[in-house]
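# Close look at the chain arrangement
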Amino acid sequence: MALSADSFISALKAQTPVLKKKNKSLIVIHFGGGYPAIDFWEDKNGAPTMGETKAAKTAADGVRINELLPKIGSQMKNAAIIRTLKSTEGDHMRGTKVMMTGLPINVLVEQPHVGSKVAWYYRENEGDLPAFISVGGGGGVGPGFLGQRYGALPISRPGSPPENATPPKEIGGATREGTDRMMRRGDLFSRLEAGFQKSTGSERDAAKSHQEVYDKALSLVVSKNKDVFALDKDVDGKPIKLMQEYAVGGDFGRGCLLARKLTEAGAACVEVNNGGWDMHANIFASLRTRLPAVDAGIGTLLKDLAERGRLQDTVVVTLSEFGRTIRVNPGGGRDHNPGLWSVMVAGGNIVGGQVYGKTSSDATSIEENPVTTGDLFATIYAALGFEKDAQIRDSLGRPSPLAGEKAKPIAQLLKTA
């Protein structure tokens, strides 16, 4: 009943063309818990609202960020800071939904994660590697109305392979025999599934989506591409040049390295998760401990992308469910604040070495250029080179722009054609 291994692999490859070089990739650095953006990217030294945080010069003229982020500072010519972001939700769950989808919460429609949208946008050029991969946990936002075909492949620990990515030991494990038997089983499953769909007239329903997800998972199990998840060598088989610099950042640093490898190998979006930022007390002691790892991860990532000539093809953005209050609370921490905070964005069509938006002398209010969540995501999509009028249809069949109806990309941050 089974096709040969070679013919089955050929069939899989025919269904999943190689990702084209013209596609850019997105790396989302997700700070779960609501990161204190003011202590990362603001520069108001001496203001009472800054507490113990001190800003220092960077490689970009006139741009200063936290002195505990020198490695990122050395790469600021390639990155931009948006200091006047205004989001809408101060609750962890609701804020995560807004900031991982870029859209307001709609009780009628489950909006997709930005990574799912990027995977969907590149769907015609999908390769063997999963298009959307989440490293080190996740924020609980799924593919929404796009379905599981565009959901994230979870990697719990960078350097470890995806779960169940090797044929079971009972059929031979990671041997040629195991791979051949796995492919024969996959072919049998596909035949049975197709027969079921045809007999029930369900070619377009969940059964088809189930088969698509299964085929994608199987293609990874039998593919050599799964070796890209290891951190013992680079995508070209050579030693990883900046391994020690990444490793200073611990699992987060290794997650940033894995994101670079995966996007270079063809993934459309990789989310690197770094949680535990719900800092209501003793924030400055925590920052002194945690920011060096953040600096090692993001700073080395930007350096690596630039040195490998991949920065123009890879957009990097820092996201969280919200920022934190400008004023320090009595417990020495900062509380939830979606009303004014900052993000960093780099790569792709982004013009680095600049700050967008101006805050008051104590950073408590916006003086110039407020930015909405929609504007931020429209800028991300433009940085990826998406068509400016690109639309997506929700589960009710209604078309809408990817970043929402009123969203506009920030022209100052983007290269002109």
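Before any of the text, the structure's been laid out above.
First, a word on scope: everything that follows refers to the structure included in this document.

Each value, and the rule that gives it
Residues numbered from 1 in each chain as written. Predicted model: local features only at pLDDT ≥ 70, side-chain atom pairs only at ≥ 80, totals over all residues. Heavy atoms only, no water. Axes fitted to C-alpha atoms, helices over the stretch in contact; angles between N-to-C directions. Helix = DSSP H or I, 4+ residues; strand = E, 2+ residues; numbered from the N terminus. Parallel < 35°, antiparallel > 145°, perpendicular 65-115°, else oblique. Left-handed = near helix turned anticlockwise from the far one by under 90°. Contact = heavy atoms within 4.5 Å. Nonpolar A, V, L, I, M, F, W, Y, C, P; charged D, E, K, R; others polar. Buried < 20%, exposed > 50% of the residue type's maximum accessible area, 1.4 Å probe, protein only. 1 Å grid on protein atoms, 1.4 Å probe; cavity = no way out; pocket = protein on both sides within 12 Å on 5 of 7 lines; lining within 4 Å. Points joined across faces, edges and corners; volume = space filled by probe spheres on them. Pairing = 2+ DSSP bridges. Salt bridge = Lys/Arg side-chain N within 4 Å of Asp/Glu carboxyl O. Core = buried A, V, L, I, M, F, W, Y, C linked by side-chain atoms within 4.5 Å. Polar contact = N/O pair within 3.5 Å; in protein donor to acceptor, adjacent residues only side chain to side chain.

With that settled, the discussion passes to the packing of helix α9 (residues 250-265) against helix α10 (residues 283-307). Taken N-terminus to C-terminus, the directions of α9 and α10 make an angle of 20 degrees; their axes are 8 Å apart at the nearest point. Between α9 and α10, the angle is such that the two are roughly parallel. Two packed elements cross with a definite hand, and for α9 against α10 that hand is right-handed. Residues Phe-252, Gly-253, Cys-256, Leu-257 and Arg-260 of α9 touch α10, and the partners they reach there are Ala-293, Val-294, Gly-297, Ile-298, Leu-301, Asp-304 and Leu-305. Looking at side-chain class alone, the contact of α9 with α10 contains eight nonpolar, two polar and two charged residues.

With that out of the way, let us pick up the side chain of Thr-101. Counting through the fold element by element, Thr-101 comes out in helix α4 (residues 92-101). The exposure class assigned to Thr-101 is buried, which follows from its relative accessible area of 4%. Filtering out sequence-adjacent residues up to four positions away, Thr-101 remains in contact with Gln-111, Pro-112, His-113, Val-114, Lys-117, Val-141, Phe-377 and Tyr-381.

Attention shifts here to the layout of surface pockets. The space that makes up the second largest pocket amounts to roughly 520 Å³. Surrounding the second largest pocket, 26 residues form its lining, Leu-103, Pro-104, Ala-403, Gly-404 and Glu-405 being those nearest its centre. Those elements that provide at least two residues to the lining of the second largest pocket are α11 (373-383) and β17 (399-401). In terms of residues, the lining of the second largest pocket owes the most to one element, β17, which gives three residues. For the lining of the second largest pocket, the class distribution of residues is ten nonpolar, ten polar and six charged.

Of all the eight residues making up helix α5 (residues 114-121), seven are buried; the element is thus mostly covered by neighbouring parts of the structure. For α5, the set of buried residues is Val-114, Gly-115, Ser-116, Lys-117, Val-118, Ala-119 and Trp-120. Of the surrounding secondary structure, the elements contacted by the buried residues of α5 are β1 (25-31), α4, β5 (132-135), β7 (269-274), α11 and β16 (391-393).

Summarising burial for strand β8 (residues 314-319): six of the six residues are buried, a large majority. On β8, burial covers both faces: Thr-314, Val-316 and Thr-318 on one face and Val-315, Val-317 and Leu-319 on the other are all buried. The pairing of β1 with β8 spans six bridges and is parallel. The partner of Ile-27 across the bridge, within β8, is Val-316. Pairing between β8 and strand β11 (residues 341-347): three bridges, direction antiparallel.

This paragraph deals with the pattern of salt bridges. Applying the stated rule across the entire model yields 22 salt bridges. A salt bridge links Arg-157 to Asp-251; its shortest N-O distance comes to 2.9 Å. Here Asp-251 lies in helix α9 and Arg-157 lies in the loop between β6 (153-155) and α6 (176-200), a separation of 94 residues in the sequence. On the basis of relative accessible area, Asp-251 is assigned to the partly exposed category, the value being 32%.

Positive phi values are uncommon outside glycine, yet Asn-282 reaches one of about 50 degrees. The residue Asn-282 is located in the loop between β7 and α10 in this model. Unlike most non-glycine residues, Asn-369 shows phi in positive territory, near 60 degrees. Along the chain, Asn-369 turns up in the loop between β14 (366-368) and β15 (371-372).

A few words on the packing of α4 against α11. It is at 9 Å that the axes of α4 and α11 come closest, and there the two elements cross at 35 degrees. Contacts between α4 and α11 involve Val-98, Met-99 and Thr-101 from the first element and Thr-373, Leu-376, Phe-377 and Tyr-381 from the second. Its residues placed into classes, the contact of α4 with α11 shows five nonpolar, two polar and no charged.

The next point concerns the nonpolar core. In terms of nonpolar packing, the biggest core is built from 96 residues, with Leu-26, Ile-29, Phe-40, Trp-41 and Leu-376 touching the most fellow members. It is α10 that contributes the most residues to this core, nine residues altogether. With residues near it in sequence (within four places) discarded, Trp-41 still touches Tyr-35, Arg-64, Ile-65, Leu-69, Ile-72, Ile-81, Arg-83, Thr-318, Ser-342, Val-343 and Met-344.

Another point: the side chain of Thr-314. Relative to the helices and strands, Thr-314 is located in strand β8. What makes Thr-314 buried here is its relative accessible area of 0%. Only 2.9 Å separates the side chain of Thr-314 from the backbone oxygen of Arg-310, close enough to count as a polar contact.

Tallying each qualifying case throughout the model produces two cavities of 30 Å³ or more. Approximately 40 Å³ is the volume attributed to the second largest cavity. In terms of lining, the second largest cavity is formed by Ile-38, Glu-42, Arg-83, Ile-326, Leu-340, Trp-341, Ser-342, Thr-359 and Ala-363. Per-class residue counts for the lining of the second largest cavity are five nonpolar, two polar and two charged.

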